[in-house]
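Reading the structure
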Amino acid sequence: MRLDALFEDLESQFAALQDGDLYGEVAERIRAEVGKITLLDRLRGAVGTIVRVELRHAEPVQGELVRVGKDCLLLEAERFEEWLIPAEALTAVHGLGPWAEPAEGAVAAKLGLAHLLRGIARDRSPVTLFCAGPSGHPVTGTIDRVGADFVEIAEHSLDTPRRRTEVYNTRLVPTQSLSALRRR
């Protein structure tokens, strides 16, 4: 009888050790997988939800997360505003759920900030740029050109169309200093 109790005790200790080892291994694998998730993967998991983003050199923006590109995100805010935000301009994001999603496919993975800026330039929509810099003032106008690493904007008032007589400055903005773009 004493030997049966001893064997049962040893078996239960062995089972507990195996369960502990399995738990530790599963936890380690989970940590390793979570370590592969990127900021953009987390944002893709929140598409369709209302989020609040904090930005470098601009006020926080709240709106529905509509799309996530390879290096940027698109929010629809109140008053029919669209906000195009480079991922590197983010300082915090609030309102995300626990989900993450990898890039959708080869084409979607290539669509990024420059591609979306070129689309806005083609539309000739008036925009407001929020940029890093000593002045920190928003710049209004129409995007004329989008290069590999810059945006050229014809500055004019938002309530006037882009006409040569209305343009008072042409500004070249490196995309790395772009914090956000607002389009109504």
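Each remark here, short or long, concerns the structure printed above.
This text gives an overview of the structure that appears in the document. Please read these numbers as outputs of a predicted model, since none were measured by experiment.

**Concerning the overall build of the chain**
The helix and strand inventory of the chain stands at four helices and 10 strands. Going residue by residue from the N terminus, the α and β elements of the chain occur as α-α-β-β-β-β-β-α-α-β-β-β-β-β. Out of the 184 residues belonging to the chain, those deemed buried represent 34%. A sequence separation of at least 24 residues applies to 54% of the contacts in the chain between residues at least 6 apart.

**What to know about unusual backbone geometry**
Positive phi is not limited to glycine here, since Phe 80 has a value of about 55°. Structurally, Phe 80 is set in the loop between strand E3 (72–77) and strand E4 (81–86). The phi torsion at Arg 124 lies on the positive side, around 60°, for a residue other than glycine. Relative to the helices and strands, Arg 124 is located in the loop between helix H4 (113–123) and strand E6 (126–131).

**As for the nonpolar core**
The biggest cluster of nonpolar side chains holds 19 residues, and the ones touching the most others in it are Val 53, Leu 55, Leu 65, Leu 75, Trp 83 and Ile 85. The greatest single-element share of this core, amounting to four residues, is contributed by strand E2 (residues 58–68). Discounting chain neighbours no more than four positions away, the residues touching Leu 75 are Val 51, Val 53, Val 61, Gly 63, Glu 64, Leu 65, Val 66, Glu 81, Glu 82, Trp 83 and Ile 85.

**Some points on the pattern of salt bridges**
Working definition: two side chains of opposite charge can pair if their charged atoms are close together. Applying the stated criterion across every chain yields a total of 10 salt bridges. In the salt-bridge network here, residues are joined through shared partners; they are Arg 79, Glu 81 and Arg 184.

**So, the layout of surface pockets**
Each pocket or cavity is described by its volume, and for the largest pocket that value is around 250 Å³. In this structure, the largest pocket is lined by 15 residues; those nearest its centre are Val 61, Gln 62, Ala 77, Glu 78 and Glu 81. If you list the elements that add at least two residues to the lining of the largest pocket, you get E2, E3 and E4. Examining the composition of the lining of the largest pocket, we find that seven residues originate from one element, E2, more than from any other. Here the lining of the largest pocket is composed, by residue class, of seven nonpolar, two polar and six charged. Approximately 180 Å³ is the volume found for the second largest pocket. In terms of lining residues, the second largest pocket is bounded by Leu 74, Glu 82, Leu 84, His 115, Leu 116, Gly 119, Ile 120, Arg 122, Asp 123, Leu 181 and Arg 183. Counting only elements with at least two residues in the lining of the second largest pocket, the list comes to E4, H4 and strand E10 (178–183). With six residues, H4 is the largest single contributor of residues to the lining of the second largest pocket. Split into classes, the residues belonging to the lining of the second largest pocket amount to five nonpolar, two polar and four charged.

Here is what the cut-offs are and how they apply
- Residues numbered from 1 in each chain as written.
- Predicted model: local features only at pLDDT ≥ 70, side-chain atom pairs only at ≥ 80, totals over all residues.
- Heavy atoms only, no water.
- Helix = DSSP H or I, 4+ residues; strand = E, 2+ residues; numbered from the N terminus.
- Buried < 20%, exposed > 50% of the residue type's maximum accessible area, 1.4 Å probe, protein only.
- Contact = heavy atoms within 4.5 Å.
- Core = buried A, V, L, I, M, F, W, Y, C linked by side-chain atoms within 4.5 Å.
- Salt bridge = Lys/Arg side-chain N within 4 Å of Asp/Glu carboxyl O.
- 1 Å grid on protein atoms, 1.4 Å probe; cavity = no way out; pocket = protein on both sides within 12 Å on 5 of 7 lines; lining within 4 Å.
- Points joined across faces, edges and corners; volume = space filled by probe spheres on them.
- Nonpolar A, V, L, I, M, F, W, Y, C, P; charged D, E, K, R; others polar.

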